[in-house]
Amino acid sequence: FDAVGTARISTAVYDRCCLLQMSYQSADEEALIVSRAAGEAASYVGAGVVLQIVGMVDATRSHPDIRSGSSVRGAIDLSLLMAELSRLRGFEPLDPAVSRDAAQLALAGRIRVREGCGRNAAEIIDELWQTWLAPRGESPDDNPSDGQRGGSDPKV
C-alpha cells in the first residue's frame, strides 16, 4: 500500500541516479540530540536513562519482528513522557509504573510489525522495555499499567 499511485522508474532514468545511503547517528550523538530536543525533561530523567532510551529506540530498528522502527523522535517523546509521568505519578522515571507506560505511549504507534510474526506492537515494546528500561527481575505482568503500585491510589 506504500506504493499506491506510483510507478517504477525506467531503467534509463534509474541509470542516471546516484544512491546515497545514510545510517543513524551513534548512540552518543543520538543521546545528545534527545537531550537538546527534550531539554529539561532529559535532565530530569538523567543522562544514563537517556542512553537507555536511545538504546531501546535503536533496538526497534533491528528487531526481527519489526518492519519499520522508530526514529529519534520516539526517543525524544519517550524522554518527555517519562519525565511528565514521573512528576504526575510521584514515582522515579525508571519505575515500571512510569517507564512502561511511557514506552507504550511513545513507541507502540511508531513501529510497524512484520506481517505473520504473530505479535502486536505493544507486545514487542514490552519485550524491549524489559531489556532496556525495566528494573532487573521485573516483568510486564508484575506492573499494571494503571499507575498503581503497592496499594497506593492511582495518580494518573
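Attention here is on the structure that accompanies the text. (Residues numbered from 1 in each chain as written. Predicted model: local features only at pLDDT ≥ 70, side-chain atom pairs only at ≥ 80, totals over all residues. Heavy atoms only, no water.)

1. Quick look at the pattern of salt bridges
At step 1: Tallied over the entire structure, the rule returns ten salt bridges.
At step 2: Here E30 ties to R61 by a salt bridge, and the two come within 2.7 Å at their closest N and O atoms. Residue E30 is located in helix 2 (residues 27-38), and its partner R61 is located in the loop between helix 4 (47-60) and strand 1 (66-68); the two are separated by 31 residues in the primary sequence.
At step 3: With a shortest N-O distance of 3.3 Å, R119 and D65 are connected by a salt bridge. A residue pair is termed long-range when its members are at least 10 positions apart, and R119 in the loop between strand 2 (112-113) and helix 7 (121-132) and D65 in the loop between helix 4 and strand 1 qualify at 54 residues.
At step 4: Overall, the relative accessible area of 30% leaves R119 in the partly exposed class.
At step 5: It is possible to trace a salt-bridge network through shared partners that takes in E30, D58 and R61. (Salt bridge = Lys/Arg side-chain N within 4 Å of Asp/Glu carboxyl O. Helix = DSSP H or I, 4+ residues; strand = E, 2+ residues; numbered from the N terminus. Buried < 20%, exposed > 50% of the residue type's maximum accessible area, 1.4 Å probe, protein only.)

2. Regarding helix 2
At step 1: If you check helix 2, its first and last C-alpha atoms are 16 Å apart, about what twelve residues at 1.5 Å a residue would give, namely 16 Å.
At step 2: Restricting attention to buried positions, one finds in helix 2 the residues E30, A31, V34 and A38. Buried residues of helix 2, viewed axially, fall in a sector of 100 degrees; they line one side. Away from the buried face of helix 2 by more than 90 degrees, exposed residues D28 and R36 are located. (Expected span 1.5 Å × (residues − 1). Arc of directions from axis to C-beta.)

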